[in-house]
Every structure is written in C-alpha cells, then in structure tokens.
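# Chains, contacts and geometry: an overview
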Amino acid sequence: MTRRALLLSLLAGLLLATASPAHAAGYRYWSFWDRTGSTWTYATEGPSTAVPSDGDVQGFRFAVSEDSADADTPRGTASFTAICGDTAARDGRKRVALVLDFGTAADAPSGETPPARRTACAVVPRDATTAEALATAAKPLRYNTNALLCAIAGYPETGCGEQVTGATKAAPAERKQDGGPSVGLWAGAAGVVALGAAAVWQARRRRHA
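Residues numbered from 1 in each chain as written. Predicted model: local features only at pLDDT ≥ 70, side-chain atom pairs only at ≥ 80, totals over all residues. Heavy atoms only, no water.

## Overview of the overall build of the protein
When you go through the protein residue by residue, the secondary structure sums to four helices and eight strands. Its helices and strands taken in sequence order, the protein reads α-β-β-β-α-β-β-α-β-β-β-α from the N to the C terminus. Looking at the 209 residues of the protein, the share that counts as buried comes to 34%. For the protein, the proportion of contacts with a sequence separation of at least 24, taken over those separated by at least 6, is 67%. Of the roughly 12,000 Å² that the protein leaves accessible, carbon and sulfur atoms contribute 55%. (Helix = DSSP H or I, 4+ residues; strand = E, 2+ residues; numbered from the N terminus. Buried < 20%, exposed > 50% of the residue type's maximum accessible area, 1.4 Å probe, protein only. Contact = heavy atoms within 4.5 Å. Areas by Shrake-Rupley, 256 points an atom, 1.4 Å probe, with all protein chains shown as cover.)

## Looking at the side chain of Thr-130
With respect to the helices and strands, the residue Thr-130 is situated in helix α3 (residues 130-137). Ignoring sequence-local partners within four residues, the contact set of Thr-130 consists of Phe-32, Pro-47, Ala-50, Pro-52, Gln-58 and Phe-60.

## Digging into the pattern of salt bridges
Going through the model one piece at a time under the given rule, you end up with four salt bridges. A salt bridge links Asp-54 to Arg-95; the nearest nitrogen and oxygen atoms lie 3.1 Å apart. Of this pair, Asp-54 sits in the loop between β2 (39-42) and β3 (57-65) while Arg-95 sits in strand β4 (residues 93-101); the two residues are 41 residues apart in sequence, bridging distant segments of the chain. The partner of Arg-61 in a salt bridge is Asp-101, and the shortest N-O contact between them spans 3.8 Å. Here Arg-61 is found in strand β3, whereas its partner Asp-101 is found in strand β4, with 40 residues between them in sequence. (Salt bridge = Lys/Arg side-chain N within 4 Å of Asp/Glu carboxyl O.)

## Brief notes about unusual backbone geometry
A cis amide bond links Lys-139 with the next residue in sequence, Pro-140, at an omega value of -5°. As for its position among the elements, Pro-140 is in the loop between α3 and β6 (142-143). For the peptide bond that leads from Tyr-155 to Pro-156, omega is -5°, which places it in the cis range. Position of Pro-156 relative to the elements: it lies in the loop between β7 (149-151) and β8 (163-167). A positive phi is found at Ala-147, a non-glycine position, where the angle reads about 65°. Looking at the secondary structure, you find Ala-147 in the loop between β6 and β7. Looking at Ala-147, the relative accessible area reads 54%, which means it is exposed. Despite not being glycine, Ala-153 has its phi angle at roughly 55°, a positive value.

## A closer look at the packing of aromatic side chains
Evaluated as defined, the whole model comprises six aromatic pairs. Centroid distance Phe-62 to Tyr-155: 5.3 Å. Interplanar angle 75°. Geometry classified as edge-to-face. With Phe-62 in strand β3 and Tyr-155 in the loop between β7 and β8, this residue pair connects regions lying 93 residues apart in the sequence. Each of the two residues, Phe-62 as well as Tyr-155, counts as buried. Centre to centre, the rings of Phe-102 and Tyr-155 are 6.0 Å apart; their planes meet at 70°, and the pair counts as edge-to-face. Here Tyr-155 lies in the loop between β7 and β8 and Phe-102 lies in the loop between β4 and β5 (118-125), a separation of 53 residues in the sequence. Of the two residues, Phe-102 and Tyr-155, both sit in the buried class. Through pairs of rings, three or more aromatic residues link up here, namely Trp-30, Phe-62, Phe-102 and Tyr-155. (Phe/Tyr/Trp six-rings, centres within 6.5 Å; stacked < 30°, edge-to-face > 60°.)

## So, the confidence of the model for the protein
Mean pLDDT over the protein stands at 78; residues scoring 70 or higher make up 67%. Low pLDDT, under 50, characterises residues 10-23; the predicted model gives this stretch 21 contacts beyond four residues in sequence or across chains. (pLDDT = per-residue confidence, 0-100.)

## Quick notes on the nonpolar core
Grouped together as the largest cluster of nonpolar side chains are 20 residues, with contacts concentrated most on Trp-30, Phe-60, Leu-100, Leu-134, Ile-152 and Tyr-155. Breaking this core down by element, the ones donating at least two residues are β1 (24-36), β3, β4, β5 and α3. Broken down by element, this core gets its largest block of residues, three residues, from β4. With near-sequence residues (within four places) excluded, Ile-152 lies in contact with Trp-30, Phe-60, Leu-100, Phe-102, Leu-134, Ala-138, Pro-140 and Leu-141. Counting 11 residues, the second largest nonpolar core, distinct from the first, contains Trp-40, Ala-78, Ile-83 and Cys-84. (Core = buried A, V, L, I, M, F, W, Y, C linked by side-chain atoms within 4.5 Å.)

Below, the structure is given as structure tokens:
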C-alpha cells in the first residue's frame, strides 16, 4: 500500500468512528441528588446516611448511566416553596422536599412502564435521614443485601443496579453538538487531512529532488 493510500485509509477509519455512537456498558439504578437554588448536584453520600435540614430539596432519578458524571438529573422545576409551602413547620420536626423522577420508557426494565414524576413533602424528626424521609412519602421501598436502594414506590418491580450493555450514551468528550460529531473529533479528522497532505507533498518533493 502506498503512503497516500495508507493515509486515506486512516482518515476513512477516523471519519467512520465519528459517525458511530459510543456503545458502553451502563447501569440501571436510582441516583440521588441535592438541589441548591436551581442546580442539582450528585449527592456525596447515600440516602441512608445523609441527614437533610428543614427546607432542603432532594431528588431521585431512575435511569441508565455509566457513572455519576454521566447520570441524568431529575427533570422539571423544583423548589421547597412549591413542594412544601403549604406544610407548616412543627417543633422537633423538619420538612424535606422530595422530587421523584421515575425516568423514561427507554430506561425502564423490559415489560415495565415508569410512573409519572411526582413530588412530596416529607415531615420527619429532626435527626431523620433522607431514606427515612423517603420511606414516609414513597413506600414501598426495596433494597438489596448491600443496602443499595433498588425501588421507590415499588418501581421497578425487579432488578437492582444491573449492568446494561450496549448503552448508547456518548462519553462526555464524544457527545454530539448541534446534531453532529463533536468539534474535537472533527478537528482531529482535519488534522489527519493536513498531515496526509504534507506527507504527500514531501514525498513528491523528494522524488523530484
């Protein structure tokens, strides 16, 4: 194979890679979130150890994701006033606003349909954990032997953090922009074209020297 043919082959391979979605293994599970203002942040500890304060907003989202960086946040607007505004404060108790997003049909286990997103205002003792607040508002809960939260309000009926192969979510560096391959990948392809042109020019120059 000539130098030029080799470079063209490499370029074709790179362009083919940019046109194909990334297929990676993900996990189907409930993720746990804290809300500050209008921003959701992936919780730094599990609901069984987190102790929210009166006025906190916390969310749960069921989806398929690779890790915390790839996880989907709860959808829709959420505020403590909207969820718990009609619930009066009580001595020795706290109010925790909960957002429960059961995800999409694409993320649902086979044969199951996700319930509609909902919110709840949990009124619990001051020292209660998020898991205890959740238990007052969204029974039945289901846990596995490792204390991983598997189901909220009975959803899903089966499974717990199982691996899902063939997930099509792209890694952050490869996510598409405006319906096409990322700028970085197209820049890489342009770089190969430039290098190939330079190599061909140099080879011709040596032959004619």
